[in-house]
Amino acid sequence: MIKKVLIANRGEIALRIVRACNELGIKTLCVYSEADEQSLHVQLADEAICIGPPPSHLSYLKADRIIAAAEIANVDAIHPGYGFLAENADFAEQCENCKIKFIGPSSDAIVNFGDKARAREMAVKAKVPVIPGSEGIVDNEKDALAVAKKIGFPVIIKAVAGGGGKGMRVAHNAVAFTKEYSSARNEAEKAFGNGAVYIEKFLEAPRHIEIQILGDQHGNVIHLGERDCSVQRRHQKVIEEAPSPFISAETRKKMGRDAVKLAKSVNYEGAGTIEFLMDEKQNYYFIEMNTRIQVEHGVTEEITGVDLVKEQLLIASGQKLSYEQKDIKITRHAIECRVCAEDPSRNFAPCPGEITLYYSPGGHGVRIDSHVYSGYTIPPHYDSMIAKVMTFGKTRELALDRMDRALGEYLIRGIKTNIPFSRAIIRDPYFREGKATTKFIEEFINRVP
Ligand code: ADP
C-alpha cells in the first residue's frame with residue numbers, strides 16, 4: 001500500500017486528494033507556488049513544500065522540481081490531479097524512471113490518448129463509433145479542404161493536442177474553411193506547441209455524454225455510468241449531471257460496454273473518462289479519452305457511492321478494483337455547478353481578488369468541494385474555478401430544486417462569480433425539461449437580456 005503521496009496540483013482537487021488520503025491513512029505532501037501559501041490544501045496536508053513563483057510554468061509545470069521534492073520527502077507516489085502535468089506523458093515517464101508511482105495510466109496510454117487523432121484510431125481499432133472525419137492529421141490546406149468537402153460542411157478543425165476547448169474551429173463552407181484552418185493551426189501552435197490538426201464532421205446540436213471508467217493492474221475494467229456535460233460555454237463545461245436526462249437504459253448499457261471495450265483494448269489502469277457526442281436519435285460517437293480524474297467526477301460519486309479518488313489510490317497500490325460491474329448501481333440523481341470567479345456581465349472576465357465574506361450552502365443533499373474561505377485571496381495566475389456545488393436526490397427534480405436552493409444560499413462577497421448565471425440556467429424551463437444540447441448556453445444568452 002502507498003504510504004505517502006505528493007499532490008502535484010492546487011485548489012479544490014488538491015484538497016479532494018488530501019481528504020481521500022487522510023481517510024486511507026496515507027501521508028500527504030503538497031507542493032505549492034508562492035501564490036498558494038494560504039490555500040486550504042496547503043494547511044491541511046501533512047507536509048508542504050514551496051516549489052516556485054506564481055506562474056504555472058515556474059511552479060506547477062516544473063516537473064524536475066516536483067520530482068526533486070518527491071525524492072527529498074521520500075514519497076512513493078505522485079497524484080497529478082487534473083490540468084497541469086496530469087496528461088503529460090514525459091512527466092509520467094520521469095516518475096516511472098525514478099521509481100515513483102504516477103497515479104494514472106502508463107505513459108504509453110497517455111501518449112496514445114493525448115493525441116486526439118491517434119485516440120480516434122484506437123477507437124476505430126476497438127470498433128467504437130467515431131464521427132466521420134479525416135484519417136489522422138491533415139498537414140496541408142489543399143488536402144484538408146478535400147477532406148472537408150468529402151465529409152460535407154459544416155466541419156470542425158481540431159488540434160490533436162487540444163484541450164480546454166482551445167484549438168477548435170468550425171467552418172460552414174469552403175471559403176470560411178481556409179481562414180479557420182489556419183486559425184486553428186496557429187492557436188494550437190501557440191497553446192500547445194503543436195499545430196497539427198484533424199477534421200471531423202461538425203454536429204450542430206449534439207449532447208456531450210461521457211462514461212467514467214476504472215481499470216486496475218490486473219486487467220479488470222468497469223464503468224460507472226455516464227455524465228451529461230452538454231451545458232457548455234465555448235466548448236467548456238459549466239454544469240454537469242448524472243444520469244443523463246436524455247439517454248435510454250439501452251443506450252447507457254451499449255455506451256458502457258463500448259467504453260470498457262476501449263479501455264480493455266489498451267490495458268487501461270486508473271480512472272479515465274471516455275467522451276462521446278450524441279445526436280437526437282441517440283447515435284453516439286467517440287471524441288476523446290481523458291486519462292485522469294475529471295473536475296466533474298463528484299456527480300458520479302454521488303450517484304454510485306464510489307469514491308473515485310480513493311479507488312485511484314488503491315489501484316495505484318496494486319489492489320484489485322473494490323467493485324465488479326454488477327455492484328455498480330445508480331441510485332439517485334446528481335448535478336454540479338462550477339463556481340467561477342468571473343463576471344458574466346463582462347463577457348465572463350476573470351475576477352480575482354479577496355473574498356471578504358464566504359458562506360457556503362449546506363443541508364441535506366448538498367456537497368461543496370472548495371479550497372476557499374473568508375479572507376482568502378484568489379490569485380490571478382490560475383483557472384478561475386473556486387468551488388464546485390453538487391446537489392443530489394432521489395429524482396432529477398429534487399436535485400435541481402436543491403441546486404436552486406443551494407445557489408441561493410451561497411454568499412461570496414468581494415468578488416464577482418457566475419452563481420446568478422448558473423441559477424438562471426437551473427431555473428430555465430427548457431433546461432429543466434432535460435433538453436439542453438451543447439448549443440444551449442449560446443441560445444440562452446441571446447434569449448435572456
Ligand atoms: P477539449 O479536449 O478541448 O475539451 P473535445 O474534443 O473534448 O475538446 O470537445 C469539447 C467540446 O467541443 C465538445 O463537448 C463539443 O461541445 C464540441 N465539439 C467537439 N467536437 C465536435 C464535433 N465534431 N461536432 C460538434 N461539436 C464538437
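The model shown is predicted, which means the values in this text are computed figures rather than measured ones.

Engineer: Describe the overall build of the protein chain, naming the residues involved and giving the relevant values.
Structural biologist: Per the secondary structure count, the protein chain includes 15 helices and 22 strands. Taking 2.2 N^0.38 as the reference for a compact globule, 449 residues should give roughly 22 Å; the C-alpha atoms of the protein chain span a radius of gyration of 21 Å, in line with that estimate. With the C-alpha coordinates aligned to their principal axes, the bounding extent of the protein chain is approximately 60 × 50 × 45 Å. The buried share of the protein chain, taken over its 449 residues, is 49%. In the protein chain, of all internal contacts separated by at least 6 residues, the share reaching a separation of at least 24 is 65%.

Engineer: Go over the pairing of strand 10 (residues 221-233) with me, naming the residues and quoting the values.
Structural biologist: Most of strand 10 is tucked away, with 12 of its 13 residues classed as buried. As judged from the 6 bridges shared by strand 9 (residues 207-215) and strand 10, these two strands associate in the antiparallel manner. Each residue of the ladder has a partner; that of I213, found in strand 10, is H223. Between the end of strand 9 and the start of strand 10, which pair antiparallel, lie 5 residues, with G219 showing a positive phi angle near 90°. Alignment of strand 10 against strand 11 (residues 236-242), held across 4 bridges, turns out to be antiparallel.

Engineer: Give a detailed account of the site of the ligand, specifying residues and quantitative values.
Structural biologist: Around the ligand there are 18 residues in total, and E200, L203, H208, H235 and T438 lie nearest to it. Counting only elements with at least two residues in the shell around the ligand, the list comes to strand 12 (270-278) and strand 13 (284-290). For the shell around the ligand, the class distribution of residues is 7 nonpolar, 8 polar and 3 charged.

Engineer: An account of the UniProt feature "domain: Biotin carboxylation" (unreviewed entry) in the protein chain is requested, with residue identities and associated values reported.
Structural biologist: Per the UniProt annotation, the sites labelled "domain: Biotin carboxylation" (unreviewed entry) are residues 1-446. Annotated as residues 1-446, this span is 34% helix and 26% strand, and its ends, taken at the C-alpha atoms, are 53 Å apart.

Engineer: An account of the sheet that holds strand 3 (residues 47-52) is needed here, citing residue identities and associated values.
Structural biologist: Paired through their backbone hydrogen bonds, the strands of a sheet run either parallel or antiparallel. Across the sheet, 5 strands lie side by side as 3-2-1-4-5; this open sheet has parallel pairing. Across the chains shown, the open sheet's two edge strands, defined by having one partner strand only, are strand 3 and strand 5 (101-102). Inspection of the sheet shows strand 1 (residues 4-7) paired to strand 2 (residues 27-33) by 4 bridges, in the parallel sense. Looking across to strand 2, one finds that L6 is bridged to L29.

Engineer: With reference to specific residues and values, describe the UniProt feature "domain: ATP-grasp" (unreviewed entry) in the protein chain.
Structural biologist: Look at the UniProt record and you will see "domain: ATP-grasp" (unreviewed entry) annotated at residues 120-317. The span residues 120-317 carries 35% helix and 30% strand; its end-to-end C-alpha distance comes to 30 Å.

Engineer: I'd love a proper account of helix 4 (residues 89-97), names of residues and values included.
Structural biologist: A89, F91, A92 and C95 are the residues of helix 4 that are buried. Axial view of helix 4: buried residues confined to an arc of 165°, hence all on one face. Exposed positions of helix 4 whose direction lies more than 90 degrees from the buried face are D90 and N97. Note on helix 4: the residue one or two positions beyond its end, K99, has a positive phi of about 60°.

Scoring rules and cut-offs
- Residues numbered from 1 in each chain as written.
- Predicted model: local features only at pLDDT ≥ 70, side-chain atom pairs only at ≥ 80, totals over all residues.
- Helix = DSSP H or I, 4+ residues; strand = E, 2+ residues; numbered from the N terminus.
- Rg over C-alpha atoms; globule rule 2.2 N^0.38 Å.
- Buried ≥ 20, exposed ≤ 12 C-beta atoms within 10 Å, placed from the backbone.
- Contact = placed C-beta atoms within 7 Å.
- Pairing = 2+ DSSP bridges.
- Near = placed C-beta within 6 Å.
- Nonpolar A, V, L, I, M, F, W, Y, C, P; charged D, E, K, R; others polar.
- UniProt positions renumbered as here; feature names shortened; annotations may be inferred.
- Arc of directions from axis to C-beta.

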